[in-house]
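# Structural features, examined
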Amino acid sequence: MRDAVKTIGNLIDKQSIGYISSIDEDGYPATKAMFAPRIRVGIKVFYFSTNTSSLRVSQYRENPKGCIYFCDRRFYRGVMLQGEFEILEEHEIKERLWQEGDTMYYPLGIDDPDYCVLKFTAKKGRYYSQLKSETFMVSD
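Note that this is a predicted model, so its numbers are computed, not measured.

Within this model, the largest pocket holds a volume of roughly 250 Å³. Lining the largest pocket we find 14 residues, and of these Met34, Phe35, Ser49, Thr50 and Tyr106 sit closest to its centre. Elements represented by at least two residues in the lining of the largest pocket include exactly strand 2 (29–35) and strand 4 (45–51). Broken down by class, the residue content of the lining of the largest pocket amounts to eight nonpolar, three polar and three charged.

Looking now at the state of the cysteines. By definition, a disulfide links the sulfur atoms of two cysteine residues through a covalent bond. Summed over the entire model, instances satisfying the criterion amount to zero disulfides. For Cys67, which is in no disulfide, the shortest distance to another cysteine sulfur is to Cys71 and amounts to 13 Å.

Moving on, we get to the packing of aromatic side chains. In the structure shown here, the tally under the stated rule is 10 aromatic pairs. In textbook terms, an aromatic cluster arises when at least three aromatic residues are bridged by ring pairs, as seen for Phe35, Trp98, Tyr105, Tyr106 and Tyr115.

Our focus in this paragraph is helix 1 (residues 4–13). Among the residues of helix 1, those classed as buried are Ile8, Gly9, Leu11 and Ile12. Projected onto a plane normal to the axis of helix 1, the buried residues spread over an arc of 160° and lie on a single side. Structurally, helix 1 contributes buried residues whose contacts are with strand 3 (39–41), strand 4, strand 5 (65–72), strand 6 (77–88), strand 7 (115–129) and strand 8 (132–137).

The grouping of Glu90, Glu92, Glu95 and Asp111 at the surface amounts to a negative patch. Topologically, Glu95 is positioned in helix 3 (residues 91–97). Note on Glu95: relative accessible area 44%, which makes it partly exposed.

Counting 23 residues, the largest nonpolar core has Phe48, Ile68, Val79 and Leu81 as its most contacted members. Of all the secondary-structure elements, those providing two or more residues to this core are helix 1, strand 4, helix 2 (55–62), strand 5, strand 6 and strand 7. The element contributing the most residues to this core is strand 7, with five residues. Grouped together as the second largest cluster of nonpolar side chains are nine residues, Ile39, Val45, Tyr47 and Tyr115 included.

Attention now moves to the environment of Arg77. With respect to the helices and strands, Arg77 occurs in strand 6. The contact partners of Arg77, leaving out residues within four places of it in the chain, are Leu11, Phe70, Cys71, Asp72, Tyr127, Tyr128 and Ser129.

The rules we used
- Residues numbered from 1 in each chain as written.
- Predicted model: local features only at pLDDT ≥ 70, side-chain atom pairs only at ≥ 80, totals over all residues.
- Heavy atoms only, no water.
- 1 Å grid on protein atoms, 1.4 Å probe; cavity = no way out; pocket = protein on both sides within 12 Å on 5 of 7 lines; lining within 4 Å.
- Points joined across faces, edges and corners; volume = space filled by probe spheres on them.
- Helix = DSSP H or I, 4+ residues; strand = E, 2+ residues; numbered from the N terminus.
- Nonpolar A, V, L, I, M, F, W, Y, C, P; charged D, E, K, R; others polar.
- Disulfide = S-S within 2.5 Å.
- Phe/Tyr/Trp six-rings, centres within 6.5 Å; stacked < 30°, edge-to-face > 60°.
- Buried < 20%, exposed > 50% of the residue type's maximum accessible area, 1.4 Å probe, protein only.
- Arc of directions from axis to C-beta.
- Contact = heavy atoms within 4.5 Å.
- Patch = residues over 30% accessible without salt bridge, like charges linked within 9 Å, V, L, I, M, F, W, Y side chains within 5 Å.
- Areas by Shrake-Rupley, 256 points an atom, 1.4 Å probe, with all protein chains shown as cover.
- Salt bridge = Lys/Arg side-chain N within 4 Å of Asp/Glu carboxyl O.
- Lys, Arg positive; Asp, Glu negative; His and termini not counted.
- Charge placed at Lys NZ, Arg CZ, Asp CG, Glu CD.
- Core = buried A, V, L, I, M, F, W, Y, C linked by side-chain atoms within 4.5 Å.

That is the geometry; function is a separate question.
Here is the structure:
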């Protein structure tokens, strides 16, 4: 892959759904579908909105390690990024991610205590395309 940031960024930007994984209390991976990240900084940092009361948030508080996965079903290619999650509850970042219609999920608005932001920082990844897989490190 010549330009990982461009190739993988384009793949991610075309997906409306991604998958996030956490580690449960018994040490097993747990995966769920999420709306695509609201903000992406290269292929290093991703911001997702979610409920503070969610199972994933409680699991990331215990163990921040996790991964995110995006796939392009049409061309059968995908990328997995491994790294760590942070739970952000500051008004400024919540306001940056806020979108019209979010009151459906967070009826009290931006300062709803059940609204938080998951910040994922990737360390390494694995890209699959054209019957080949490639592992790579994510740099700043």
